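In case you want the letters, here they are:
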Amino acid sequence: MAGPPRGGPALAVAAALRRDKVLALAGVPVRLYLGGLFVWASVYKIREPYEFALNIATYQILPLELVNVFAIALPWLELATGVMLILGLWTKENALLLAGMMAMFTAALGIALSRGYQMNCGCFSSEKAAEEIGRGTFVRDIAWMALAIYTLLFDDGRYGVDGLLRKERRHA
Amino acid sequence: MLSTVSPARLLLRSALIAAASGAVALAVNAGRPDSLPLVAESEYEIYEDCPEGEESATEIALDEIAENPAYFLIVDSREPEEFEAGHVEGALSVPYDPLFPVSEEEVERVRAAVGERVVVVVGDPLTARLLANDLATQGLDWVNYLEEGAEWRVLLGADPR
């Protein structure tokens, strides 16, 4: 006959804390990867704002009035979230922004694919080597969005600046 | 884990990051020599694919032609000398240079010859494909070219000249 679990609530809490720790630890390489990816993605867009604006316009989703505003602002948001994610500063906030951006990129890609556009993704570079959009880029974007959601849910920045700041606050 | 930050605080801080990065973006853009205007002054010149679709020629298998040769008009895109050296019986010679569009006279000649049949362009694979598309674009219906790798000279086997 099965009885109640041995150890009671204290052990259950300890097990949950251990699980949280493992999930947060596993989130560190994910966070570093996503952060690096977004920093890298922002570089060409900041350097070549006109090219990036042309990329945005090619998707034919945004009205002309918003194309340049997006082309100017988006790369800096990518850079900020990327750097802060690498540092583990305001980790969840940046993961939320990153997941939002990935959702936006994935939706844009899906619309372009459904319309049968043959065009460059505009994700990292608009040079000749730039990739053409396809099912592969779509699946890849969904995977990156999933990683961002993982970071949002399970990484509280305890192994980054967030963790250090929390420790300092506790000691103060 | 989500509970370590309250949702309101999460959203507020996210908005703060977005606003701060937006402000930096605008400041940097204002200071750079190749700055973008906030609103584009004219439409971007977007590269669009050539309109193809219904007007395009289609690929056809060699077997289909061999099974019902009477159903097809073979249009030979090679040079006249090559055509004279040997061609499929009943084929129409339409020498084609991919650098120039097919002339209206040639299109009318094909239209007059084809009747109820279906056009299949043969010759050098790329040239044949380009002529087939050119004819289709000029308004001819049911224009075909041989699928990649198919050797049209097989059709010569029945009645080589």
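Definitions and limits used
- Residues numbered from 1 in each chain as written.
- Chains lettered and ligands numbered in written order.
- Predicted model: local features only at pLDDT ≥ 70, side-chain atom pairs only at ≥ 80, totals over all residues.
- Heavy atoms only, no water.
- Helix = DSSP H or I, 4+ residues; strand = E, 2+ residues; numbered from the N terminus.
- Buried < 20%, exposed > 50% of the residue type's maximum accessible area, 1.4 Å probe, protein only.
- Contact = heavy atoms within 4.5 Å.
- Areas by Shrake-Rupley, 256 points an atom, 1.4 Å probe, with all protein chains shown as cover.
- 1 Å grid on protein atoms, 1.4 Å probe; cavity = no way out; pocket = protein on both sides within 12 Å on 5 of 7 lines; lining within 4 Å.
- Points joined across faces, edges and corners; volume = space filled by probe spheres on them.
- Nonpolar A, V, L, I, M, F, W, Y, C, P; charged D, E, K, R; others polar.
- pLDDT = per-residue confidence, 0-100.

Asks: Mind showing me how you'd approach the overall build of chain B here?
Replies: Across its full length, chain B carries 5 helices and 5 strands. Reading chain B from its N terminus to its C terminus gives the helix and strand order α-β-α-β-α-β-α-β-α-β. Per-residue burial over chain B gives 37% buried out of 161 residues. Put simply, of all contacts in chain B between residues at least 6 apart along the chain, 64% involve residues at least 24 apart. For chain B, the exposed surface amounts to about 10200 Å²; the carbon and sulfur share of it is 55%.

Asks: What is the right way to look at the overall build of chain A in this model?
Replies: Secondary structure assignment for chain A yields 6 helices and 0 strands. For chain A, the sequential pattern of α-helices and β-strands runs α-α-α-α-α-α. The buried share among the 172 residues of chain A stands at 43%. Put simply, of all contacts in chain A between residues at least 6 apart along the chain, 70% involve residues at least 24 apart. When the accessible surface of chain A is totalled, it reaches about 9100 Å², and 68% of it is carbon and sulfur.

Asks: In this structure, what is going on with the layout of surface pockets? I would like to understand it.
Replies: Leftover empty space is mapped by rolling, across the atoms, a probe with the size of a water molecule. All names here are of chain A. The computed volume of the largest pocket comes to approximately 460 Å³. At the level of secondary structure, the elements contributing two or more residues to the lining of the largest pocket comprise helix H1 (8–47), helix H2 (49–59), helix H3 (64–87), helix H4 (91–114) and helix H5 (135–154). Per-element tally for the lining of the largest pocket: the top contributor is H4, with 7 residues. Split by residue class, the lining of the largest pocket holds 21 nonpolar, 2 polar and 4 charged.

Asks: Is there a simple way to explain the confidence of the model for chain B in this structure?
Replies: Should the pLDDT be low somewhere, the predicted coordinates at that spot are not to be read in detail. All names here are of chain B. The predicted model of chain B has a mean per-residue pLDDT of 85, with 89% of residues at 70 or higher. Within chain B, the lowest mean pLDDT, 85, falls on helix H2 (residues 62–67), and the highest, 96, falls on helix H1 (residues 7–31). We note a pTM of 0.64 for the whole complex and an ipTM of 0.86 for its interfaces.

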